[in-house]
Amino acid sequence: MTTATTNPTRDVLTQQEAESRAARVSNVSYQLSISLTRGSPTYRGDVTIHFGDSGTGDLFLDLRGRTIETLTVNGADVAPNWTGYRLTLPGEALAPVNTVHLVYENEYDHTGDGLHQFVDPEDGQEYIYTNFEPYEAHRLFPCFDQPDIKATYDLSVETPGEWVVIANGRQTNTESRGDSRALHTFEKTKPFSTYLMAMVAGPYHAFHDEHNGLPLGLFCRESMVKHIDIDELFTLTKQGMDFFQEFFAYPYPFGKYDQVWVPEFNPGAMENVAAVTHHENYIFRDPPTENQRRTRAETVLHEMAHMWFGNLVTMKWWNDLWLNESFATYMSFLALTGATRFTDAWKAFNSDIKSWAYRQDQLVTTHPIAGTVDDTDQTFLNFDGITYGKGASVLKQLVAAIGLDAFREGMRRYFQRYQFGNATLDQFLDTLGEGAGRDLRAWAKVWLETPSLNTIGASWESDGARITQMSVSQTAPAEYPTLRPHHIEIGLIREDNGALTAEAIAADVDGAETEIPDARGKAAPQLVFPNYNDHAYAKIKLDDASVAYVRGNLDRITDPLLRQSLWSSLWDMVRDQQLTSTDFLALAGDKVRAEHDLSLVQSIIDRCLGALGRYVPDSKRDASFHAFFEVARAALQAAAAGDEQITWARALIGSAVTPDDLAYVTRIADGDITIAGLNLDQDMRWGIAVKNVGYGVPGARERIAAERERDPSDRGQRNQLRADAAEPSAEVKTAAWERFTTEGYGSLALNSAAMSGFHWYPQKDLLAPYTERFFADVRPVFEGHTKEYASAFFHNLFPGYRVEQAVLDRSERLLADTGDDNLLLTRMLREGNDDLVRAIKCRAFAEG
């Protein structure tokens, strides 16, 4: 038996190593047997790997584990040369065709990655699942863990007798074993990348259906069965299958399609071949709004799009991660609007996807969409708004420029040409260019290989009745001066006998200034918006007359996408210190009650709460919060039962910070104040209860105990931990910080929950020592814990709630000391500091 020789916390694969290994390894297959025992902290594995080797010298497998019991190479016993994550096969033992056999034991993971183990606190049942992107498959089994060494998988899993197992292939047999055990075997799969392999096991509840002969499965744990809405999920799945198979002219390639909702999951979902895993937040324990249902539908369709783009054809290396995710995001919105009831989803694309991209692209850490990714650690950094949001926005603009038919034709060629293989960005662009009949390399150079974004604005003159001249200007930040081509529509909004009309002028903008001759002679507008229908990826600068008109008439504009775009432009003005946060809040308070598109209402509320938390000066904080609370209270009292009430009830709770306002929402929870049709759901009740703790309200601990009794689930467990850390007590804070920096609370989900309860604005004096404690402890945490744990520590405990120059100065000193020694910490410090700089400027601007 061999154990690891070094600490595997620096488990990383470089692109150069991956390219060298891919050049010599071929025809890989894995025969994998896993044995799972209820209640055990470990599991056992037995794997046989067949592969061709065209090279010479040593070759390494990736394997992160506990012990290796047996290792044979081509029938000969070999003493393992193993670092704990890299297993070196001696060159003298290798041949052109090889068989490697290992027997090993490993510990379960509790980070949401690798092979994650979870015990349901509600009923004690145990659930297991895998999550491997980008570089975690070798936590389960030894493999060549990189996307361009595809393989087939022949899996069998031994489990307790009543457990269900879901994997990439169809299950072929379940054989009863002694001692209430069962052996589950699965058909050999088609070739795909290691990060897409899946194994899910436990007493999952199964729902089955089929669609045109394709078996469909939905799975969740037993305690969630009462919440899952099977009919809607099967309907979405069938609609998506029909849409993608027709659009790509390529049948679904993997034989069956299962979706599993799993606990303590890190991402929203993961596109494992034929066995998609979803975050349990998409099983709604409380009544969801239509916005929540649309967001879930987008996730379902996003992962389904990956079955073709990402799984059937896969990127060679992680520098094309953006293309994988951006394509799936764009296609999911295309399917939402083309195949489901969510026909207005492009508004959500603007408010959610583009807003995420715009924010990320204006940070100091902005990067090209397609850039160099030297190793798997850098891949971890690039799961961001540029990879998902900007890439999808740019694809949307490209499709607008070349036409949907050309895009569709290019994609059909792509899947036929590279099916079950790997492809690069250049190969994608070439096939897309064939469909469009044009070379897309020049487009790619300025859009994909340069960072940051442009700002577009329109200027115009009139003779009082008609436009005499119009031009569109384009600017770029001084540090990223690239100007790009934009295909836009310029919206001309006019008053016409008391009603508003809109006319769009199509234009191709390139360079610093573009004349728009088609605008000459048009009736003079009251408002000009140079990104009508939201095709362009750019910030929009409104001219002064348009800003004045919007501030007085925004609620009169009938086009909901235009209203959404205008609100986005106003928010950009706040962030750029062109409109004060308090003026934005006053405008929102005046206009939002007249807004009946609830997705837009939610977007406005989110921005108001963001402004209140970050951009309003401390001297105006309580008054501004209370003013918005009154807006929410009036809206809630007038709201129709259902989504509208839910939306405003959440806003009311979120804005309750003054003693009287917090007391008001607490009385609603206690039933002392009733609002017709409103029943607070459990998430709302937890929000009120935990706020009571953080704000030091008498009786708060008893309230938490009552809610925990009401909600014995894992959600209740996490909220209990959040409340525990929120206690305004020096002793509690000391004990919590000690656990954060040492052994933690168990799983990553539990650690994140506890950390999220630590910082509270009214506890600023009590928490003052933890500003320095954070900067002293953060580097050791990053050096001694997993990337996932370190990220949770930073995002929850960085003292950014203190919008103060002293905090920024201390963080800048740590950044200077860290340099390139820890790229993950450096990036997070840079982004945290960038946010602080902006918040400090916005507060000073609003202070006047």
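Heads up: the structure comes first, above all this text.
Throughout, residues of each chain are indexed from 1 in the direction in which the sequence is written. For this predicted model, a pLDDT threshold of at least 70 governs which residues receive local features, and a threshold of 80 or more governs which side-chain atom pairs are given and counted, while totals over whole chains, interfaces and linings are taken from all residues. Hydrogens and water molecules were not included; the side-chain quantities draw on all heavy atoms of the structure.

### Here we look at the overall build of the protein chain
Assigned secondary structure in the protein chain consists of 27 helices and 30 strands. A globule of 848 residues ought to have a C-alpha radius of gyration of about 29 Å, and the protein chain, at 28 Å, matches this closely. For the C-alpha atoms alone, the extent of the protein chain along its principal axes is close to 90 × 70 × 55 Å. Type-normalised accessible area, obtained with a 1.4 Å probe on protein chains alone, sets the label of each residue: buried when under 20%, exposed when over 50%, and partly exposed for intermediate values. For the protein chain, with 848 residues in total, the buried portion stands at 60%. Going along the chain from the N terminus, every DSSP run of H or I of four or more residues is numbered as a helix, and every run of E of two or more is numbered as a strand. Note on method: radius of gyration uses C-alpha positions; expected globular size equals 2.2 Å times residues raised to 0.38.

### Focus on the nonpolar core
If you look at the biggest cluster of nonpolar residues, it comprises 150 residues, and the most contacted ones within it are Trp308 and Met331. No other element matches the 11 residues that helix 4 (residues 321-339) contributes to this core. By definition in these notes, contact holds between two residues if any of their heavy atoms fall within 4.5 Å. For Met331, the residues in contact, after removing those within four places along its chain, are Phe243, Phe244, Phe247, Phe248, Ala305 and Phe407. Take the buried Ala, Val, Leu, Ile, Met, Phe, Trp, Tyr and Cys residues and link them wherever side-chain atoms come within 4.5 Å; each set so joined is a nonpolar core. Counting 114 residues, the second-largest nonpolar core is a separate cluster that includes Phe529, Leu636, Ile688 and Leu825.

### Section: the pairing of strand 5 (residues 67-73)
Burial of strand 5 is extensive: five of the seven residues sit out of reach of the surface. Two strands make a pair as long as DSSP finds a minimum of two bridges between them. One ladder, built from two bridges, connects strand 1 (residues 2-3) with strand 5; its direction is antiparallel. Counted as the bridge partner of Thr2 is Ile68 from strand 5. Here strand 5 runs beside strand 9 (residues 97-107); their pairing, made up of six bridges, is antiparallel. Its bridge partner lying in strand 9, Leu71 is registered against Leu102. One ladder, built from two bridges, connects strand 5 with strand 6 (residues 76-77); its direction is antiparallel. Directly across from Val73, in strand 6, lies its bridge partner Ala76. Between the antiparallel neighbours strand 5 and strand 6 lie two residues, among them Asn74 with a positive phi of about 55°.

### Describing the environment of Ile668
By secondary structure assignment, the location of Ile668 is in helix 17 (residues 659-670). Along the backbone, Ile668 and Thr475 are 193 residues apart, and their C-alpha atoms lie at a distance of 50 Å. The residues contacting Ile668, other than those within four sequence positions of it, are Leu652, Ile673, Ile675, Leu678 and Leu680.

### Looking at the sheet that holds strand 8 (residues 86-89)
Taken together, the three strands give an open sheet; going across it, the order is 4-8-7, and neighbouring strands pair in antiparallel fashion. Each edge of the sheet is formed by a strand with only one pairing partner; in this case those strands are strand 4 (59-62) and strand 7 (81-82). Pairing between strand 4 and strand 8: four bridges, direction antiparallel. The partner of Leu61 across the bridge, within strand 8, is Leu87.

### So, the sheet that holds strand 27 (residues 499-509)
Hydrogen bonds along the backbone pair up the strands of a sheet, which may run parallel or antiparallel. Read from one edge to the other, the open sheet built from three strands follows the order 27-26-29, with strand pairing classed as antiparallel. The open sheet has two edge strands, strand 27 and strand 29 (527-529), and neither has a second partner. On average, adjacent strands in this sheet sit at an angle of 20° to one another, irrespective of strand direction. Where strand 26 (residues 486-496) meets strand 29, three bridges bridge the pair, whose relative direction is antiparallel. Angles run from 0 to 180 degrees between N-to-C directions of axes, and those axes are lines fitted to C-alpha atoms, restricted for helices to the stretch in contact.

### Points about helix 25 (residues 787-797)
For an α-helix the count is 3.6 residues per turn, leaving residues at separations of three or four pointing the same way. Counting buried residues along helix 25, eight of its 11 residues qualify, which places the element largely inside the surrounding structure. Considered for burial, the residues of helix 25 that qualify are Glu788, Tyr789, Ala790, Ser791, Ala792, Phe793, Phe794 and Leu797. As for helix 25, its buried residues are in contact with helix 6 (376-381), helix 21 (730-740), helix 22 (748-756), helix 24 (769-784) and helix 27 (823-847).

### Re the packing of aromatic side chains
Side-chain rings of Phe, Tyr and Trp, where Trp is taken by its six-membered ring, are said to pair if the distance between their centres is within 6.5 Å; with planes under 30 degrees apart they count as stacked, over 60 as edge-to-face, and otherwise as tilted. Across all of its chains, the model carries 56 aromatic pairs by this definition. Pairing Phe243 with Phe247 gives two aromatic rings, centres 5.7 Å apart and planes at 20°, and the pair type is stacked. In this pair, Phe243 and Phe247 both sit in helix 2 (residues 230-248), four residues apart, roughly one turn of the helix. When sorted by exposure, Phe243 lands in the same class as Phe247, which is buried. Ring centres 6.3 Å apart and planes at 70° place the aromatic pair Trp737 and Phe740 in the edge-to-face group. Of this pair, Trp737 and Phe740 both sit in helix 21, three residues apart, which is roughly one turn of that helix. Of the two residues, Trp737 and Phe740, neither departs from the other in class, the shared state being buried. In this scheme, the term charge over a ring applies when either NZ of a lysine or CZ of an arginine sits within 6 Å of the ring centre and within 35 degrees of the ring normal. Against the face of Trp346 rests Lys396, its NZ or CZ located 5.0 Å from the ring centre.

### Topic: the environment of Gly202
Relative to the helices and strands, Gly202 resides in strand 16 (residues 199-202). Between the C-alpha atom of Gly202 and that of Ala499, which follows or precedes it by 297 residues, the distance is 61 Å. The residues contacting Gly202, other than those within four sequence positions of it, are Glu126, Tyr127, Trp163 and Val164.

### Details of the pairing of strand 16
Regular strands have side chains that alternate between both faces of the sheet. Of the two faces of strand 16, the one holding Met199 and Ala201 and the one holding Val200 and Gly202 are both buried throughout. Pairing between strand 13 (residues 164-167) and strand 16: four bridges, direction antiparallel. For Val165, the partnering residue across the bridge sits in strand 16 and is Ala201.

### Focus on the environment of Ala436
Looking at where Ala436 falls in the secondary structure, it is placed in helix 9 (residues 425-436). Ala436 sits 287 residues away from Ala723 along the chain, and the two C-alpha atoms are 56 Å apart. Other than its neighbours up to four places away in sequence, Ala436 contacts Ile402 and Ala406.

### Considering the packing of helix 2 against helix 8 (residues 404-418)
Where helix 2 contacts helix 8, the axes come no closer than 8 Å and their chain directions differ by 85°. Classified by the angle their axes make, helix 2 and helix 8 are roughly perpendicular. Each of Glu246, Phe247 and Phe248 in helix 2 lies in contact with helix 8, whose residues at this interface are Leu404, Phe407, Arg408, Met411, Arg412 and Phe415. Residue classes in the contact of helix 2 with helix 8 are distributed as six nonpolar, no polar and three charged. Angle categories: roughly parallel below 35 degrees, roughly antiparallel above 145, roughly perpendicular from 65 to 115, and oblique for all the rest. We call Asp, Glu, Lys and Arg charged. Ala, Val, Leu, Ile, Met, Phe, Trp, Tyr, Cys and Pro are nonpolar, and the rest, Gly among them, are polar.

### A look at unusual backbone geometry
Here Glu133 and Pro134 are connected by a cis peptide whose omega angle stands at 0°. Relative to the assigned elements, Pro134 resides in the loop between strand 11 (126-131) and strand 12 (151-160). Positioned with a positive phi, Asn533 is a non-glycine residue whose angle comes to about 70°. By the secondary structure assignment, Asn533 is in the loop between strand 29 and strand 30 (539-541). Taking the relative accessible area as the measure of exposure, Asn533 reaches 31% and is therefore partly exposed. Its identity is not glycine, yet Gln577 carries a phi of approximately 55°, on the positive side. Tracing the sequence through the fold places Gln577 in the loop between helix 12 (560-575) and helix 13 (581-591). Residue Gln577 is classed as partly exposed on the basis of its relative accessible area of 24%.

### What to know about the pattern of salt bridges
Any carboxyl oxygen of Asp or Glu that lies within 4 Å of a side-chain nitrogen of Lys or Arg is treated as forming a salt bridge with it. Taken as a whole, this structure holds 71 salt bridges when the rule is applied. The salt bridge partner of Arg38 is Glu162, with a shortest N-O separation of 2.1 Å. Separated by 124 residues along the polypeptide, Arg38 in the loop between strand 2 (25-35) and strand 3 (42-53) and Glu162 in the loop between strand 12 and strand 13 bring together distant segments of the chain. The residue Glu232 makes a salt bridge to Arg341 at a minimum N-O spacing of 3.6 Å. With Glu232 in helix 2 and Arg341 in the loop between helix 4 and helix 5 (345-361), this residue pair connects regions lying 109 residues apart in the sequence.

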